[in-house]
Amino acid sequence: MLDEVKITKAIIDRYFIKLNNCLETDVAIVGGGPSGLIAGYYLAKAGKKVVLFERKLSIGGGMWGGGMMFNEIVVQKDALLILEEMGVRYKQYEDDYYTADSIETVSCLVAKAVQAGLTILNCISIEDVIMRPERITGLVLNWSPVEMAGLHIDPLSVSSQYVIDATGHATEVVKVVQKKVPGRLNTPTGMIEGEKSMWADKAEALTLENTKEVFPGLYIAGMAANATFGGPRMGPIFGGMLLSGEKVAKELIARLG
Ligand code: 48F
């Protein structure tokens, strides 16, 4: 006979094991869009202890809706190997233009990343960082519904050797650092340069170039990288996001040793 309290206990017990395991990690990723998921996948696959925090209930960021809710995405040739590794089917449209179903893509990315060992904690928002004092050493978090309701409830904290800001256009972790220690980012002005208008070709190349450490202990990936370093936006072409996630994972795997 099924017992409601046992169901409750099973959920609480299992969740707390997961949460406890995330208190001290090699890498903490903020944002569950394509760049964060791919970074998490490669880090977990390499045996690193990695957690991803996502504000929303659903994981996938800006990829579910393709372009303007037409649920297809475009990916260029350079990133096809990643799609293949994630088990995503794609079709050639023209030279260097390939398409994939955005729902299938998000679903495969999430499934592969979790099964590789990435822990995803959803409905959690990162509101601050821990600094000691010249380096980011962790994150400060709270339930998203607490944030949404504007409740005055203190957050909790986790520590991590490295943090990745994969929060997309909002570049939220970098914004916190800029506010706490203005002028100290690894950008030309020391501040967030700000995202520029749509230019797909340039943006895709720059996303990769801008994927780097922006403050000791803090890396940026995906659209957050362009927003921080003043690159343009690119719209619903996703190769740059996937390659950015792969690049940041590779760099951190090398640094973690
Ligand atoms: O925006 P998002 O998909 O980031 P991305 O990986 O990919 C960008 C593309 O989707 C698209 C594009 C490229 O074609 O321009 O926009 O760079 O996902 C970012 C995720 O971060 C979450 C947010 O809910 C979204 O799912 N997020 C943002 N701020 C926080 C956060 C925060 N403070 N705490 C937790 N999650």
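Residues numbered from 1 in each chain as written. Predicted model: local features only at pLDDT ≥ 70, side-chain atom pairs only at ≥ 80, totals over all residues. Heavy atoms only, no water.

S.K.: Would you explain the layout of surface pockets in this entry?
M.R.: Summary: where empty space remains is shown by rolling a probe the size of a single water molecule over the atoms. If you add up the space inside the largest pocket, you get close to 760 Å³. Taken together, 38 residues line the largest pocket, and the ones lying closest to its centre are Gly61, Gly62, Thr167, Gly168 and His169. Of all the elements in the fold, those that place two or more residues in the lining of the largest pocket are α2 (34–45), β2 (50–54), β7 (124–131) and α6 (172–180). Among the residues forming the lining of the largest pocket, the class breakdown is 17 nonpolar, 15 polar and six charged. (1 Å grid on protein atoms, 1.4 Å probe; cavity = no way out; pocket = protein on both sides within 12 Å on 5 of 7 lines; lining within 4 Å. Points joined across faces, edges and corners; volume = space filled by probe spheres on them. Helix = DSSP H or I, 4+ residues; strand = E, 2+ residues; numbered from the N terminus. Nonpolar A, V, L, I, M, F, W, Y, C, P; charged D, E, K, R; others polar.)

S.K.: Even after reading the chapter, I still don't get the pattern of salt bridges, so can you show me in this structure?
M.R.: When the charged atoms of two side chains with opposite charge come close together, those side chains can pair. For the structure shown, the criterion picks out 10 salt bridges. With its nearest N and O atoms 3.0 Å apart, the salt bridge here joins Lys9 to Asp13. One end of the pair, Lys9, and the other, Asp13, are both in helix α1 (residues 4–21), four residues apart, so they sit about a helical turn from each other. Glu85 is the partner of Lys45 in a salt bridge, and the nearest nitrogen-oxygen pair spans 2.8 Å. (Salt bridge = Lys/Arg side-chain N within 4 Å of Asp/Glu carboxyl O.)

S.K.: What am I meant to see in the side chain of Glu54 here?
M.R.: Along the chain, Glu54 falls in strand β2. Sequence-distant contacts of Glu54, defined by excluding residues within four places in its chain, comprise Gly31, Gly32, Ile59, Leu121, Asn122, Cys123 and Ile124. (Contact = heavy atoms within 4.5 Å.)

S.K.: What exactly am I supposed to notice about the packing of helix α7 (residues 200–209) against helix α9 (residues 239–256) here?
M.R.: Working note: a packed helix pair is described by the angle between its axes plus the distance between those axes. As a packed pair, α7 and α9 sit with axes 8 Å apart at the nearest point and diverge in direction by 10°. By the angle between their directions, the pair α7 and α9 is classed as roughly parallel. Contacts from Glu204, Thr207, Leu208 and Glu209 of α7 reach α9 at Gly239, Gly240, Met241, Leu243, Ser244 and Lys247. Split into classes, the residues belonging to the contact of α7 with α9 amount to three nonpolar, four polar and three charged. (Axes fitted to C-alpha atoms, helices over the stretch in contact; angles between N-to-C directions. Parallel < 35°, antiparallel > 145°, perpendicular 65-115°, else oblique.)

S.K.: Whenever I open this one, the nonpolar core confuses me. Can you help?
M.R.: Side chains of a nonpolar character, in soluble globular proteins, are inclined to be buried together. Of all hydrophobic cores here, the largest spans 47 residues; its most connected members are Val27, Ile29, Leu43, Leu109, Ile164 and Leu252. Once you skip the residues sitting within four places of it in the chain, Leu109 turns out to touch Pro34, Leu37, Ile38, Met63, Met86, Val88 and Leu242. Ranked by size, the runner-up nonpolar core spans 28 residues in total, among them Val30, Leu121, Val173 and Val177. (Core = buried A, V, L, I, M, F, W, Y, C linked by side-chain atoms within 4.5 Å. Buried < 20%, exposed > 50% of the residue type's maximum accessible area, 1.4 Å probe, protein only.)

S.K.: I tried to follow α9 on my own but got confused; where do I start?
M.R.: Helical geometry note: an α-helix holds 3.6 residues per turn, so side chains three or four residues apart project in the same direction. Its 18 residues give α9 an end-to-end C-alpha distance of 26 Å, which sits within 8% of 26 Å, the value for a rise of 1.5 Å per residue. Within α9, the full set of buried residues consists of Gly239, Gly240, Met241, Leu242, Leu243, Ser244, Gly245, Glu246, Val248, Ala249, Leu252 and Leu256. Phi for Gly257, located one or two positions after α9, is positive at around 75°. (Expected span 1.5 Å × (residues − 1).)

S.K.: Would you mind showing me how to read the sheet that holds strand β4 (residues 91–94) here?
M.R.: Note on sheets: strands pair through backbone hydrogen bonds, and any given pair is parallel or antiparallel. Strands sit in the order β3-β5-β4 across an open sheet of three strands; the sheet is antiparallel. The two strands at the open ends of the sheet, each matched to only one other strand, are β3 (72–75) and β4. Neighbour-to-neighbour, the strand axes of this sheet turn through a mean angle of 40°, independent of strand direction. As paired elements, β4 and strand β5 (residues 97–101) share three bridges and run antiparallel to each other. Within β5, the residue paired with Gln92 across the bridge is Tyr98. (Pairing = 2+ DSSP bridges.)

S.K.: Please explain the packing of α2 against helix α4 (residues 102–116) as it appears in this structure.
M.R.: Running from N to C, α2 and α4 cross one another at 30°; their axes reach a closest spacing of 8 Å. One element, α2, and the other, α4, form an angle in the roughly parallel class. Remark: the crossing between α2 and α4 carries left-handed chirality. For the pair formed by α2 and α4, the contact residues are Pro34, Leu37, Ile38, Tyr41, Ala44 and Lys45 on the first element and Leu109, Val110, Lys112, Ala113 and Ala116 on the second. (Left-handed = near helix turned anticlockwise from the far one by under 90°.)

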